[in-house]
Amino acid sequence: MTKSQLRMISRKLCLGLCIGLIFCCAGWAQTGASLSGVVTDQRGAPLPEATVTIKNVDTGVTRTIATDGAGRYQASGLPPGRFEIRAAKSGFADEARRGITLAVGRDVTVDLKMQLSTPDACASGHEFLATDCSLTFHGITLYGAYDVGVGWVSHGLPQSPYNYEGSSLVNRNANGSRFLVEPNNLSQTGFGIRGKEEFAPGWSVVFNASTGINPQSGQLANASRTVIDDSGLPRAEYSEAIDGARAGQPFNDEYYGGVSSTDFGTLTFGRQRALGTDTMLLYDPAGGSYAFSYIGYNGTMAAGGDTEDTRWDDAVKYRLAHGPVHFGAMYKFTDGNGGCYSDSSTWTADTCTPEKPHNNAYGFNFGGNYGKFSADVVYQHYNQAISVLNPLLGPQSPSAPYQSTTDSINTNPINGVNLIGTTNTVYGIVTDNSAIMAAAKYTWDPLRFYGGYEYIRQTNPTNPLGVGATDQGGYIMSGVEDNNLDSPKMVQIWWTGVKYAFDSKTDITFAFYEQVQNDFRLPPTCSTAAGFRASCAGTLNEGSLYLDHHFTKRFDGFAGLAYSFVTGGLSIAIPHGPGVPYLHNSNFAPTVGGRFTF
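Our subject in this report is the structure included herewith.

Rules behind the numbers
Residues numbered from 1 in each chain as written. Predicted model: local features only at pLDDT ≥ 70, side-chain atom pairs only at ≥ 80, totals over all residues. Heavy atoms only, no water. Phe/Tyr/Trp six-rings, centres within 6.5 Å; stacked < 30°, edge-to-face > 60°. Helix = DSSP H or I, 4+ residues; strand = E, 2+ residues; numbered from the N terminus. Buried < 20%, exposed > 50% of the residue type's maximum accessible area, 1.4 Å probe, protein only. Disulfide = S-S within 2.5 Å. Pairing = 2+ DSSP bridges. Axes fitted to C-alpha atoms, helices over the stretch in contact; angles between N-to-C directions.

### Let's talk about the packing of aromatic side chains
Then comes step 1: Within the structure shown, the criterion is met by 15 aromatic pairs.
Then comes step 2: When the centroid spacing of 5.4 Å and the interplanar angle of 50° are considered together, the rings of Trp494 and Phe512 count as tilted. Here Trp494 is found in strand S27 (residues 489–501), whereas its partner Phe512 is found in strand S28 (residues 506–517), with 18 residues between them in sequence.
Then comes step 3: Classification of Trp494 as partly exposed rests on a relative accessible area of 33%.

### Looking at the state of the cysteines
Then comes step 1: Applying the stated criterion to the full structure yields two disulfides.
Then comes step 2: Across the disulfide from Cys340 sits Cys352; the S-S distance is 1.6 Å. One disulfide, between Cys340 and Cys352, carries an S-S torsion of 105° and so falls in the right-handed class. Note that Cys340 is positioned in strand S18 (residues 340–341) and Cys352 in the loop between strand S19 (347–348) and strand S20 (353–354), a separation of 12 residues in sequence.
Then comes step 3: A sulfur-sulfur distance of 2.0 Å marks the disulfide that ties Cys526 to Cys536. Its S-S torsion of about -80° marks the bond between Cys526 and Cys536 as left-handed, since a negative value means left-handed. Of this pair, Cys526 sits in the loop between S28 and strand S29 (538–550) while Cys536 sits in the loop between S28 and S29; the two residues are 10 residues apart in sequence, bridging distant segments of the chain.
Then comes step 4: Accessibility expressed as a relative area gives 0% for Cys536, which makes it buried.

### A closer look at the sheet that holds strand S6 (residues 95–102)
Then comes step 1: Overall, antiparallel pairing links the four strands, which are arranged S3-S2-S5-S6 in an open sheet. Here the strands that pair on one side only, and so sit at the sheet edges, are strand S3 (62–66) and S6. Looking at each pair of strands side by side, their axes are set apart by 20° on average, direction ignored.
Then comes step 2: Pairing of strand S2 (residues 51–56) with strand S5 (residues 81–88), which is carried by six bridges, proceeds in the antiparallel orientation. Bridging from a neighbouring strand, Val52 pairs with Ala87 of S5.

Note that every value here comes from positions in space, so none of it alone points to a role or purpose.
Structure follows, in structure tokens:
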């Protein structure tokens with residue numbers, strides 16, 4: 001065989017090999033699939049050397065790869081079928097995506113965002129000050145914050161040592177301008193302990209116990225006490241009074257325990273934040289700030305109608321995350337004492353009917369994220385929700401020395417030897433509340449946009465509460481209004497805002513909030529000539545702008561201002577009597593301060 005013949009045979013073999021490779025690759029392209037993406041931390045920074053495990057759900061076969069320096073991963077040559085993917089890295093909670101379907105020749109992109117797990121325990125005092133290490137001992141973590149500032153209000157009141165919400169929001173009894181030491185501006189001052197201890201692969205025991213305090217006085221946060229301290233005083237001598245879920249309890253924030261599973265979710269029982277409160281903290285541009293957020297300061301939206309219901313006692317709560325989608329459910333069992341009730345215009349403590357409490361509640365939450373967009377929807381219903389008011393006592397209030405048993409217009413006195421005293425007791429309106437909320441946020445670096453809306457429907461309670469019923473923190477109600485609403489009260493709240501990351505340490509936040517209520521007075525005679533009442537339609541608006549700079553991982557300083565005003569029925573200063581207006585229907589409140597977290 002000559003050399004020319006050998007060269008010709010070689011050329012034919014090479015040509016055949018190339019053709020075979022082309023057909024082979026073409027056939028692979030038709031039958032293989034690929035999966036790729038980027039793994040980032042909670043701020044969007046790439047995570048190199050993260051372990052990505054891809055599992056074929058149909059066959060059980062897994063493939064494990066590591067992300068590169070840019071946080072990228074890629075797996076090709078995957079067969080068609082159903083897959084799930086999980087990312088793991090030390091210091092971060094595992095992140096999983098399920099329900100991924102690969103088809104012939106399809107390239108699918110799945111990005112994973114991982115959240116920090118509990119930071120490493122502090123090894124020294126210097127490390128505690130310089131980093132965000134945790135105060136963890138034998139699986140138990142101590143955490144908390146101290147937040148205090150100084151501010152000026154155009155129309156304010158002296159601070160109560162039990163108050164925890166400051167004076168930034170317009171107040172019905174606020175009088176002159178004043179400089180004040182303001183508590184809890186960006187977050188609640190307080191401390192707590194939490195733990196998560198694995199007892200079986202993928203299963204852990206979890207618990208949390210936390211409380212809030214007034215940073216100036218050191219007193220436990222106690223909204224009810226601020227109201228009680230104003231009892232019997234003339235309006236000109238009031239201090240700042242609020243309503244809220246923190247009523248001097250030893251653990252006035254949360255106190256719960258339960259179990260958590262990486263695959264089946266988390267189930268807990270005890271005193272817990274409502275689903276609406278959780279959602280508010282996620283989607284409020286000001287993060288529930290008392291100084292710069294109406295929905296954080298007031299809590300009406302977070303609680304589905306009444307600020308006391310931002311936290312539910314004796315409640316079971318379930319949370320489950322499945323890939324980019326999450327679900328929550330919550331149920332509150334009845335607790336406390338229902339008091340003694342009568343709808344007669346004249347009655348005694350001997351002839352009233354003992355009531356059982358019917359203050360159960362339930363709620364549901366659905367949400368998820370897609371890329372840089374996330375959204376949640378929450379429904380909540382609460383029976384016998386209580387809104388505490390200043391007692392109807394004192395020179396500026398109706399002169400009759402008794403508490404109402406039905407409503408504020410047609411008051412029924414309490415007679416007999418077993419009269420409930422007004423000392424250290426509270427007076428409140430009782431309603432059944434239903435609320436639905438939708439909220440969303442979108443990140444477009446360096447901006448984060450927020451927005452939300454809630455519709456609340458309040459009716460007179462199906463089951464009334466009586467005088468002597470228990471309220472938050474074990475306080476006794478010496479006055480109860482079970483028939484306060486002439487017709488259903490509809491409250492709408494919406495908010496929007498943007499947070500701008502000026503640099504890695506500084507954020508600038510703008511937020512706007514509005515509450516609108518309907519005219520639920522019958523007959524509907526609400527005008528300037530006829531005189532407004534609290535049952536007339538009205539609005540409350542607040543806008544805020546503030547800067548927050550992190551000097552270290554633990555210490556940040558802030559400065560900003562808030563302006564709020566009320567109109568119509570929301571500018572009536574109940575409980576001083578029908579038609580009594582706010583002393584001033586607006587408030588301007590600049591504030592500066594600092595916060596230390598651990």
